[in-house]
Amino acid sequence: MNVLDFQKMKNEKQKISMITCYDNWSAKIIAESDMDCVLVGDSLAMVMYGENSTVNVSVDTMAMHISAVAKSVGNKFIIGDMPFLSYRKSLTENMNAIEKVMKAGAHAIKLEGAAGNIEIVEHVVQSGIPVMGHLGLTPQFIHQLGGFKVQGKTEDSASAIVSGAKQLEQAGCFSLVLEAVPNRVSEVIGKELSIPTIGIGAGPSTDGQVLVLHDMLGVDNEFKPKFLKKYLEGHSLILGALNEYNKEVKQGDFPSINESYE
Ligand code: KIV
């Protein structure tokens with residue numbers, strides 16, 4: 001897949017599948033899968049580093065994870081997330097941050113919000129870098145939003161999201177993530193915009209879907225938001241394997257002679 005396929009798929013009414021990928025071992029599995037593209041999301045701050053928001057992750061950390069993914073994800077299209085404030089500084093600092101993410105192996109960047117971002121989106125697109133927008137629940141705004149809450153529930157906030165979406169399309173974004181918005185908002189944006197939307201907690205009306213890999217694998221059995229569908233009972237499978245290994249070590253069953261060198 002390349003950036004042009006996003007629009008092509010929307011025009012042909014084919015849904016786009018996206019999954020987060022933060023490291024090399026999962027990149028190898030995703031490379032073999034039918035998934036269309038991967039997002040090295042700044043959600044890695046929470047999933048990989050145990051932070052309670054995405055605020056505390058640096059450009060260098062994002063670049064390190066993008067590089068690990070790029071080495072093994074095959075021909076999947078890689079979107080690299082720009083972390084908190086990394087695109088809200090001077091043009092030089094913004095472009096230096098974007099350069100690091102692209103040189104680490106991303107094929108496109110993603111940034112959150114529309115207000116105040118239009119000029120940087122235009123500049124980045126004019127520099128030959130595809131940009132994905134992100135509206136609705138924008139986790140980097142956690143302190144302003146007062147928590148991870150569904151956005152666009154009122155007429156005014158829904159209109160603000162729709163208007164932000166139009167501005168981002170106008171500025172040259174090739175696609176847009178819609179996070180935690182009512183399906184009605186996704187429906188309206190889908191009608192008003194030509195570029196494809198990728199939803200997470202945004203209902204069935206978007207042109208594609210993204211999930212955090214660890215969430216859909218059910219690795220955290222306490223994380224059960226309404227939008228999430230778990231495709232694996234990862235937590236109990238991993239726990240079971242660890243306990244089985246522990247039992248066999250304690251019983252002296254592992255390693256057996258079969259796992260020993262002559
Ligand atoms: O960082 C991330 O994983 C994301 C997705 C949830 C869209 O931005």
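These remarks concern the structure in this document. (Residues numbered from 1 in each chain as written. Predicted model: local features only at pLDDT ≥ 70, side-chain atom pairs only at ≥ 80, totals over all residues. Heavy atoms only, no water.)

## Focus on helix H6 (residues 118–126)
Just so we agree on the cut-off: Buried residues are those whose accessible area, probed at 1.4 Å on protein chains only, stays under 20% of the maximum for their type, while exposed residues exceed 50% and partly exposed ones sit between those limits. Helix numbering and strand numbering both begin at the N terminus, where a helix is a DSSP run of H or I of at least 4 residues and a strand a DSSP run of E of at least 2. The directions from the helix axis to the C-beta atoms are what the arc is built from.
Along H6, the positions that sit buried rather than exposed are Ile120, Val121 and Val124. All buried residues of H6 fall inside an arc of 100° around its axis, so they share one side. Those residues of H6 that are exposed and angled more than 90 degrees off the buried face are Glu119 and Gln126. After H6 finishes, the residue Gly128 shows a positive phi value of roughly 90°.

## With respect to the environment of Ile98
We apply this condition: Pairs of residues are marked as contacts when any of their non-hydrogen atoms sit within 4.5 Å.
Summarising the element assignment, Ile98 is placed in helix H5 (residues 91–103). Each C-alpha atom, one on Ile98 and one on Ile129, is 9.1 Å from the other, the two residues being 31 residues apart in sequence. The contact partners of Ile98, leaving out residues within four places of it in the chain, are Met82, Ile109, Val124 and Ile129.

## What about the site of the ligand?
Using the following cut-off: We define proximity as follows: a residue is near a molecule or strand when any one of its heavy atoms falls within 4 Å of that partner. Within 3.5 Å is the distance limit for a polar contact, defined as a pair of N or O atoms, with the added protein rule that one can donate a hydrogen and the other accept it, and that residues adjacent in sequence qualify only through two side-chain atoms. Only the protein chains shown count as cover for residues, and the accessible areas themselves come from Shrake-Rupley with a 1.4 Å probe.
In the vicinity of the ligand, the residues found are Thr20, Leu39, Gly41, Asp42, Ser43, Asp81, Lys110, His134, Val177, Ile200 and Val210. One nitrogen or oxygen atom from the side chain of Asp42 is found 3.0 Å from an oxygen atom belonging to the ligand. Note that an oxygen atom of the ligand is positioned 2.9 Å from one of the side-chain N or O atoms of Lys110. If the ligand stood free it would expose 260 Å²; the protein chains cover 95% of that surface.

## Quick notes on the pairing of strand S1 (residues 16–20)
Selection rule: Should DSSP find at least two bridges between two strands, the strands are regarded as paired. When the strands point away from the viewer and the connection leading from the first strand across the helix to the second strand turns clockwise, the crossover is called right-handed.
In terms of residue burial, S1 counts as a mostly covered element, since four of its five residues are buried. Sheet topology note: the S1/strand S8 (residues 208–211) ladder contains four bridges and is parallel. Its bridge partner lying in S8, Ile16 is registered against Gly208. As paired strands, S1 and strand S2 (residues 37–40) are joined by three bridges and run parallel to one another. Within the sheet, the bridge partner assigned to Met18 lies in S2 and is Cys37. Considered for its hand, the β-α-β crossover made up of S1, helix H2 (residues 24–32) and S2 is right-handed.

## As for the pattern of salt bridges
Stated precisely, the cut-off is as follows: Here, a salt bridge means any side-chain nitrogen of Lys or Arg that lies within 4 Å of a carboxyl oxygen of Asp or Glu.
Tallied over the full model, the rule gives seven salt bridges. For Arg184, the salt bridge is made with Glu187, and the minimal N-O distance between the two is 2.8 Å. One end of the pair, Arg184, and the other, Glu187, are both in helix H9 (residues 183–192), three residues apart, so they sit about a helical turn from each other.

## Observations concerning helix H1 (residues 3–11)
Of the positions making up H1, those classed as buried are Phe6, Met9 and Lys10. Buried residues of H1 fall within an arc of 100° about the axis and therefore sit on the same side. In H1, the exposed positions angled more than 90 degrees off the buried face are occupied by Leu4 and Asn11. Of the residues that open H1, the one with a side-chain oxygen 2.8 Å from the backbone nitrogen of Leu4 is Asn2. At the exit of H1 stands Lys13, carrying a positive phi of roughly 60°.

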